[in-house]
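Fold and contact review
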Amino acid sequence: MKFCGLQKTTLLDYPGHVAATVFTGGCNFRCPFCHNSDLIQPKVFMLEDEILTFLRKRSRILEGVCITGGEPTLQSGLKEFIMAVKDMGLEVKLDTNGYRPDVLAELCSERLVDYVAMDIKSSRENYAKACGLVHLDLDKIEESVELLKAGDTAYEFRTTVVKGLHEKEDFPAIGKWLEGCSAYYLQAFKDSEQVPNHYFETPSKLEMQLYAKYVKPYVPHVKLRGID
Ligand code: SF4
């Protein structure tokens, strides 16, 4: 398995854990607001051995590893990598766009992941636009949503709210869709050099609070993340 980056320590990426974050390359989505677009067609790689050696050295200090991308479920060696990490006594958080429900189901059923953070890019109606695919198979997303809701792996759903992409109508629709889920976060988009298009804006705190209010009747524990 090849990696595109390593953040040696983070307190943010795996809530409640001192963690390292590893970045995988490649993605099956083309979100126009992607904040990691350099990882979609990466040119620089780190070897798995290099990453595992680092994690082994730090396994007494670290509590967990966050695996993010790109889209980690595209990696053929993901399961073996996770098994090696778990052998070190570390917990594993997986960030995913949910477009490979078969991989997610296997990792959850074999208890290889301790926490899953799955992106909900938009309402069903606007999903294809938000993930940049002309031919989106929404059933795959639905399948991942349902398997997380029905399973016993800790999880969260999360939406990066993008001004210029999302409409207020998306949020009650997302709320209805995710009704009954255990955790849902709204996080505000922030522009950066990595974002492929610079015509999107950060929603205001008031807008974020309003969107959370639209979701709340269906998901009482909706929370805002990264809002001052
Ligand atoms: S799923 Fe994530 S990595 Fe892939 S294009 Fe969208 S934002 Fe970027």
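In this report, we go over the structure that sits alongside the text. (Residues numbered from 1 in each chain as written. Predicted model: local features only at pLDDT ≥ 70, side-chain atom pairs only at ≥ 80, totals over all residues. Heavy atoms only, no water.)

Counting through the fold element by element, E142 comes out in helix α5 (residues 138-150). Side chain to side chain, E142 and W177 meet in a polar contact 3.1 Å long. With residues up to four places along the chain from it excluded, the contact list for E142 reads R124 and W177. (Helix = DSSP H or I, 4+ residues; strand = E, 2+ residues; numbered from the N terminus. Polar contact = N/O pair within 3.5 Å; in protein donor to acceptor, adjacent residues only side chain to side chain. Contact = heavy atoms within 4.5 Å.)

The next thing to look at is the site of the ligand. With respect to spatial proximity, the complete set of residues near the ligand consists of C27, F29, C31, C34, I40, G70, N97 and K121. Here the ligand is seated within the largest pocket. (Near = heavy atom within 4 Å. 1 Å grid on protein atoms, 1.4 Å probe; cavity = no way out; pocket = protein on both sides within 12 Å on 5 of 7 lines; lining within 4 Å. Sits in = over half its atoms within 2 Å of the grid points.)

Let us now look at the sheet that holds strand β8 (residues 154-161). Reading across the sheet, the eight strands line up as β2-β3-β5-β6-β7-β8-β9-β10 and stay open at both edges, with mixed pairing between neighbours. Sheet topology places β2 (5-10) and β10 (222-225) at the edges, where each strand pairs with a single neighbour. Within the sheet, the average angular offset between the axes of one strand and its neighbour, ignoring direction, is 20 degrees. Both β2 and strand β3 (residues 19-23) contribute to a ladder of four bridges, which runs antiparallel. Its bridge partner being in β3, L6 is matched across the sheet by V22. The sheet strands contacting helix α1 (residues 48-58) are β2, β3 and β5 (64-68), and the helix crosses β2 at an angle near 10 degrees. (Pairing = 2+ DSSP bridges. Axes fitted to C-alpha atoms, helices over the stretch in contact; angles between N-to-C directions.)

As a further point, take the packing of aromatic side chains. In total, this model carries eight aromatic pairs according to the counting rule given. Ring geometry for Y14 versus Y115: centroids 6.3 Å apart, planes at 35 degrees, classification tilted. Of this pair, Y14 sits in the loop between β2 and β3 while Y115 sits in strand β7 (residues 115-119); the two residues are 101 residues apart in sequence, bridging distant segments of the chain. Exposure class is identical for Y14 and Y115. Each is buried. Within the aromatic cluster, the residues linked to one another by ring pairs are F189, Y199 and F200. In this structure, K2 packs its charged tip against the face of F45, placed 4.9 Å from the ring centre. The ring of Y99 has K140 lying over it, and the distance from NZ or CZ to the ring centre is 4.8 Å. (Phe/Tyr/Trp six-rings, centres within 6.5 Å; stacked < 30°, edge-to-face > 60°. Buried < 20%, exposed > 50% of the residue type's maximum accessible area, 1.4 Å probe, protein only. Lys NZ or Arg CZ within 6 Å of the ring centre and 35° of its normal.)

Relative to the assigned elements, S144 resides in helix α5. Polar side-chain contacts of S144 include one of 2.7 Å to the backbone oxygen of G98. Non-local contacts of S144, meaning those with residues more than four positions away in its chain, are made with G98, P101, L104 and M118.

This next bit is on the layout of surface pockets. Space inside the largest pocket adds up to approximately 1200 Å³. What lines the largest pocket is a set of 41 residues, and nearest its centre among them are H35, N36, R158, T160 and Q187. With four residues, β8 is the largest single contributor of residues to the lining of the largest pocket. In terms of residue class, the lining of the largest pocket is made up of 13 nonpolar, 16 polar and twelve charged. (Points joined across faces, edges and corners; volume = space filled by probe spheres on them. Nonpolar A, V, L, I, M, F, W, Y, C, P; charged D, E, K, R; others polar.)

Coordinates in, geometry out; function isn't part of it.
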